[in-house]
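One letter stands for each residue in the lines below.
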Amino acid sequence: MKHPKISDLFDTLQAPDLPLEPDSACSAERIKAATLAKIQASQGQSPRHPRRKYKTLILAAALTLALSVGALAANDLLPGHIFQSFFGTGLGSNAEGVVEYTDDGRLVTNLPAWERVEVDASLAEEVLTPYLTTTDETISYAGYTLALEANLYDPATGCGLASYTLENPDGVTGYQVLEDGELWFDNQTVFARTDQAGHLFLDSGRSSDTKLCILEYYIAAAPLKDLDLELGAFVPDPENGGVYGETQDTLSIPLKAAQLPLAQAEQAGSLPAVTLSPIGLSLSLTPPAAGDKDRDDLADTISYLALEYADGSRYVILDTVNFLDNSSYALCPSDSSSIYSFNRLVDTRQVVKVLVNGQEIPL
């Protein structure tokens, strides 16, 4: 099945009385045969939490502010604090996934199985802590304050991690949290996000009624010099009805240009080129010649994606047959490229090959 085009993104616009849906990953619907039958039976219904696939082109907007930004020492933000949140077991695991229907057969939750693992704190401190940035600057709107805890950006794959807080002494409202920890803001209050495509998760262990600790896995389709944190509100849209999200203030974070430890492989025949970092993976093929419609989009052809380590163990990132997705976010910047943000920390020095479907790509 082909990716929807950019115009198809308008299909996700909600009726005025429904909450806005979040950005979707590019990966395919991963539903077993029995589940697919139910989905087909409920066509025309609007699922609450589908995992659909989209191609998205992102252009980064850069607004420069005078910020005090620098590398964080391990004592400032220990990997046990930030990286346990992003890559540890706090968001839980579910070997079966979560698929739920209403009494009338409407799909309301569709989450493939996922597995979280323990973090090697010494590895995190070694390969990630030197690349963190932070700032003491904050922005505020309508009683809410948005503050960055730490950000890490990998220019080689486009993957990034942003940890930030949204605080209101009168209480934070208007959000929901899925079974896997993913955070959505309803269309009734303010929202916080970066200016990039990504998924937000709630660090519930550190959050409270007045403060949300937000973890965002984002992917930039084009190289970034700055990351914008946005604080916004849902405002009425008289022309089209309903509401839309309007940015009220922006905190711009200059990014480091340093490369994280990488492992790479060049394109070989039909196998894509690979760039592997500790937090993400990018796959790319030479774009097809103009007018060539015989080749499927790269993301559409991937049903199994895994990393194999020197000891023979595997990190299975995607397995559509077994309804498994261990990416935290996935993006398809073009027909010929796919990027996956990991839900665990990877030691690139220990990875010997990438497996795409039944083929192996040595690193």
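All of the points below concern the structure found in this document. Values in this document were obtained by computation on a predicted structure and should not be read as measured data.

Regarding the side chain of Thr109
Here's step 1: Position of Thr109 among the secondary structure elements: in strand β2 (residues 107-111).
Here's step 2: Side-chain polar atoms of Thr109 contact the side chain of Glu100, separated by 2.9 Å.

With respect to the pattern of salt bridges
Here's step 1: Going through the model one piece at a time under the given rule, you end up with eight salt bridges.
Here's step 2: The salt bridge involving Arg193 is made with Glu230; its shortest N-O contact spans 3.0 Å. Placement of the pair is Arg193 in strand β8 (residues 190-194) and Glu230 in strand β11 (residues 226-236), with a sequence separation of 37 residues.
Here's step 3: Connected through salt bridges with shared partners, the residues Glu308, Arg314, Lys353 and Glu360 form a single ionic network.

Topic: the nonpolar core
Here's step 1: Of all hydrophobic cores here, the largest spans 29 residues; its most connected members are Tyr164, Leu166, Phe185 and Ile214.
Here's step 2: Counting residues per element, the ones that place at least two in this core are β4 (144-153), β5 (159-167), β7 (183-185), β8, β9 (197-202), β10 (211-219), β11 and β12 (243-254).
Here's step 3: Counting residues per element, this core draws most heavily on β11, at five residues.
Here's step 4: Apart from the residues lying within four places of it in its own chain, the contact partners of Ile214 are Ala162, Ser163, Tyr164, Leu166, Leu183, Phe185, Ala192, Leu200 and Phe201.
Here's step 5: Ranked by size, the runner-up nonpolar core spans 27 residues in total, among them Phe83, Phe87, Val119 and Ala124.

Notes on the sheet that holds β10
Here's step 1: An order of β3-β4-β5-β10-β9 is seen for the five strands of this open sheet, with the pairing classed as antiparallel. In this open sheet, the two edge strands, each paired with only one partner strand, are β3 (138-141) and β9. Each neighbouring strand pair of the sheet contributes to a mean axis angle of 25°, computed without reference to strand direction.
Here's step 2: Of the strand pairs in this sheet, β9 and β10 are connected by six bridges, and their pairing is antiparallel. By the bridge assignment for β10, Leu202 is matched with Ile214.

Considerations on unusual backbone geometry
Here's step 1: Its identity as a non-glycine residue notwithstanding, Ala142 has a phi of 50°, on the positive side.
Here's step 2: With respect to the helices and strands, Ala142 occurs in the loop between β3 and β4.
Here's step 3: A positive phi angle, close to 55°, is found at Asn357, a residue other than glycine.
Here's step 4: Residue placement: Asn357 occurs in the loop between β21 (351-356) and β22 (359-362).
Here's step 5: When its relative accessible area of 31% is taken as the criterion, Asn357 is described as partly exposed.

Quick notes on the environment of Asn240
Here's step 1: Considering the arrangement of structural elements, one finds Asn240 in the loop between β11 and β12.
Here's step 2: According to the relative accessible area criterion, Asn240 is exposed, its value standing at 60%.
Here's step 3: A polar atom in the side chain of Asn240 sits 3.2 Å from the side chain of Asp237.

Topic: the sheet that holds strand β17 (residues 314-319)
Here's step 1: Within the open sheet, the five strands sit side by side as β18-β17-β16-β21-β22. Their pairing is antiparallel. Unpaired on one side and paired on the other, β18 (324-325) and β22 mark the two borders of the sheet.

Quick look at the packing of aromatic side chains
One pair of aromatic rings is described through two measures. These are the centre distance and the angle between the planes.
Here's step 1: Under the criterion given, the structure shown has five aromatic pairs.
Here's step 2: With centroids separated by 6.4 Å and ring planes inclined at 45°, the aromatic side chains of Phe86 and Phe87 adopt a geometry described as tilted. Both residues of the pair, Phe86 and Phe87, count as buried.
Here's step 3: Taken together, a centroid distance of 5.2 Å and an interplanar angle of 90° make the contact between Phe86 and Tyr217 edge-to-face. Placement of the pair is Phe86 in helix α2 (residues 79-87) and Tyr217 in strand β10, with a sequence separation of 131 residues. Per residue, the accessibility class of Phe86 equals that of Tyr217, and both read buried.
Here's step 4: A connected cluster of aromatic rings, assembled from ring pairs, spans Phe86, Phe87, Phe201 and Tyr217.

Rules used throughout
Residues numbered from 1 in each chain as written. Predicted model: local features only at pLDDT ≥ 70, side-chain atom pairs only at ≥ 80, totals over all residues. Heavy atoms only, no water. Helix = DSSP H or I, 4+ residues; strand = E, 2+ residues; numbered from the N terminus. Polar contact = N/O pair within 3.5 Å; in protein donor to acceptor, adjacent residues only side chain to side chain. Salt bridge = Lys/Arg side-chain N within 4 Å of Asp/Glu carboxyl O. Core = buried A, V, L, I, M, F, W, Y, C linked by side-chain atoms within 4.5 Å. Buried < 20%, exposed > 50% of the residue type's maximum accessible area, 1.4 Å probe, protein only. Contact = heavy atoms within 4.5 Å. Pairing = 2+ DSSP bridges. Axes fitted to C-alpha atoms, helices over the stretch in contact; angles between N-to-C directions. Phe/Tyr/Trp six-rings, centres within 6.5 Å; stacked < 30°, edge-to-face > 60°.

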